[in-house]
Amino acid sequence: MTQRRAFLSATTALATSLALPSLVRAQAWPARPIKFICPWAAGGSTDAVIRALAESAGKSLGQTIVVENKGGAGGMLGAIEMLSAKPDGYTLTQIPHGVFRIPHMQKVAYDPLKDFTWIACLTGYTFGLVVPADSPIKSIKDLVAYAKANPEKFTYGSTGTGTSPHLAVEEFAQRAGIKLTHVPFKGNADNMQAILGGHVMGASDATGWGPHVESGKLRLLATYGSNRTKRWPTVPTLNELGYKTVSDSPFGVCGPKGMDPAIVATLHEAFRRTLNDPAVLAVFDKYDQSVMYMNTSQYTRFARDTFAAEKETIERLGLTNKG
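In this text the structure is predicted, and so the values were computed from the model without any measurement.

1. With respect to the overall build of the protein
Reasoning step 1: The number of helices and strands found in the protein is 12 helices and 11 strands.
Reasoning step 2: When its C-alpha atoms are laid out on the principal axes, the protein stretches across 95 × 45 × 30 Å.
Reasoning step 3: By sequence separation, contacts in the protein at least 24 residues apart represent 74% of the contacts at least 6 residues apart.
Reasoning step 4: Accessible area for the protein stands at about 14700 Å²; split by element, carbon and sulfur atoms hold 55% of it.
Reasoning step 5: Within the protein, one finds 34 positive and 26 negative side-chain charges whose respective centroids are separated by 3 Å.

Following this line, the structure appears as structure tokens:
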């Protein structure tokens, strides 16, 4: 009996010692500022939302979260950096919806199902198509008529090739039987400068165009969500106009593969709490974004399901990688 007690005691001590390093890491973490990559240029709607989330989550963690902008490559530069980042929780990123579809369009360095830790989904965009207020195109019906009479003459900007604002318009155009000319930009701010400067005839984007619509500089032709927006309830969706095009694009916070589950849980909880922060919700409202929460396991499952669904979309649009 004495030997059995000694064995049990030693086994318990060993189990405790093995678990201790992970526990200590979780308790000591974070010990320094965290970098959160915004894979879009500064000044756009995503930049504003990520900065609000970072500030709020930083308060919960008791540590500064520094936002670093890396625009370009269709929003994929944050995902690419995760491939070389240490899985210690000090480098995070937003990974936009394009990560699920671009691998079906071209060769990429990452595998969306193996190379990232999907920590928490938090919100999602409202997308829409805008034209200058003085444009003769006053509705989607007008746009379709113009494009049929002038193939490829209508130019529109987006936040990059393969992004949701790009592919939503391409899907609409295919269903409408028209051909448009796409002009990619690094982010919302560049896209807005282009349309306001008269360099493109339209812009497909998240609601960074909102202030310009409200000021009367731009006209909103349609949005792409499942339902009309609260902010512009008279503006129709592409889906209700009969074009069978819906683009809801959830996003949140991700990290490199192989992160310590204890650190993932700590980050998840800190970012989950941001969804109760009035300051964060005010920024969501400003850019017509709603709460779209998924925990770590749900977000991981969403990634797997969406990757498969995007393959079907890319094939339908005829954009599958031929290489």
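From this point on, the discussion continues.
2. Looking at the packing of aromatic side chains
Reasoning step 1: For the structure on display, the rule yields 13 aromatic pairs.
Reasoning step 2: Here F116 and W118 contribute two aromatic rings whose centre-to-centre distance is 6.0 Å and whose plane-to-plane angle is 90°, an arrangement assigned as edge-to-face.
Reasoning step 3: Under the relative-accessibility criterion, F116 is labelled buried at 6%.
Reasoning step 4: Using a relative accessible area of 3% as the deciding quantity, one classes W118 as buried.
Reasoning step 5: Members of the aromatic cluster, joined through ring pairs, are F100, Y110, F116, W118, Y299 and F302.
Reasoning step 6: A cation over an aromatic ring shows up here: R32 above the ring of Y90, its NZ or CZ 3.8 Å from the ring centre.

3. Comments concerning the nonpolar core
If you look at soluble globular proteins, the nonpolar side chains tend to sit buried side by side.
Reasoning step 1: By size, the foremost hydrophobic cluster in this structure holds 74 residues, and its most contacted members are W118, I140, F172, L267 and F271.
Reasoning step 2: Discounting chain neighbours no more than four positions away, the residues touching L267 are W29, L61, G89, L92, I119 and M259.
Reasoning step 3: Listed in part, the 12 residues of the second largest apolar core include V130, I195, W209 and V213.

4. Here we look at the pairing of strand β2 (residues 65–69)
Reasoning step 1: Taken together, the 5 bridges between strand β1 (residues 34–38) and β2 define a ladder with parallel strand orientation. Looking at β2, one finds that F36 is bridged to V67.
Reasoning step 2: Handedness of the β1-helix α2 (residues 45–61)-β2 crossover: right-handed.

5. Some thoughts on the sheet that holds strand β9 (residues 218–223)
Reasoning step 1: The strand order β7-β6-β8-β5-β9 describes an open sheet built from 5 strands, whose pairing is mixed. Each of the sheet's edge strands pairs with one partner strand only, and the pair in question is β7 (181–184) and β9. Sheet twist, expressed as the average angle between the axes of neighbouring strands with direction ignored, equals 30°.
Reasoning step 2: With 4 bridges joining them, strand β6 (residues 155–158) and β7 adopt parallel strand pairing. Bridging from a neighbouring strand, S158 pairs with P184 of β7.

6. Points about the pattern of salt bridges
Reasoning step 1: For the structure shown, the criterion picks out 17 salt bridges.
Reasoning step 2: We note a salt bridge from R101 to E310, for which the minimum N-O separation is 3.1 Å. Pair noted here: R101 is in helix α4 (residues 98–105) and E310 is in helix α12 (residues 296–317), with a separation of 209 residues, a long-range link.
Reasoning step 3: R304 is the partner of D305 in a salt bridge, and the nearest nitrogen-oxygen pair spans 3.8 Å.
Reasoning step 4: Ionic contacts of the salt-bridge type, sharing partners, join the residues K35, E68, K70 and E81 into one network.

7. Section: α4
Reasoning step 1: Where burial is concerned, most of α4 is hidden: 7 out of the 8 residues are buried.
Reasoning step 2: Of the positions making up α4, those classed as buried are G98, V99, F100, R101, I102, H104 and M105.
Reasoning step 3: On its buried face, α4 is in contact with β4 (116–125), α6 (164–176) and α12.

Basis of the calculations
- Residues numbered from 1 in each chain as written.
- Predicted model: local features only at pLDDT ≥ 70, side-chain atom pairs only at ≥ 80, totals over all residues.
- Heavy atoms only, no water.
- Helix = DSSP H or I, 4+ residues; strand = E, 2+ residues; numbered from the N terminus.
- Contact = heavy atoms within 4.5 Å.
- Areas by Shrake-Rupley, 256 points an atom, 1.4 Å probe, with all protein chains shown as cover.
- Lys, Arg positive; Asp, Glu negative; His and termini not counted.
- Charge placed at Lys NZ, Arg CZ, Asp CG, Glu CD.
- Phe/Tyr/Trp six-rings, centres within 6.5 Å; stacked < 30°, edge-to-face > 60°.
- Buried < 20%, exposed > 50% of the residue type's maximum accessible area, 1.4 Å probe, protein only.
- Lys NZ or Arg CZ within 6 Å of the ring centre and 35° of its normal.
- Core = buried A, V, L, I, M, F, W, Y, C linked by side-chain atoms within 4.5 Å.
- Pairing = 2+ DSSP bridges.
- Right-handed = clockwise from strand over helix to strand, strands pointing away.
- Axes fitted to C-alpha atoms, helices over the stretch in contact; angles between N-to-C directions.
- Salt bridge = Lys/Arg side-chain N within 4 Å of Asp/Glu carboxyl O.

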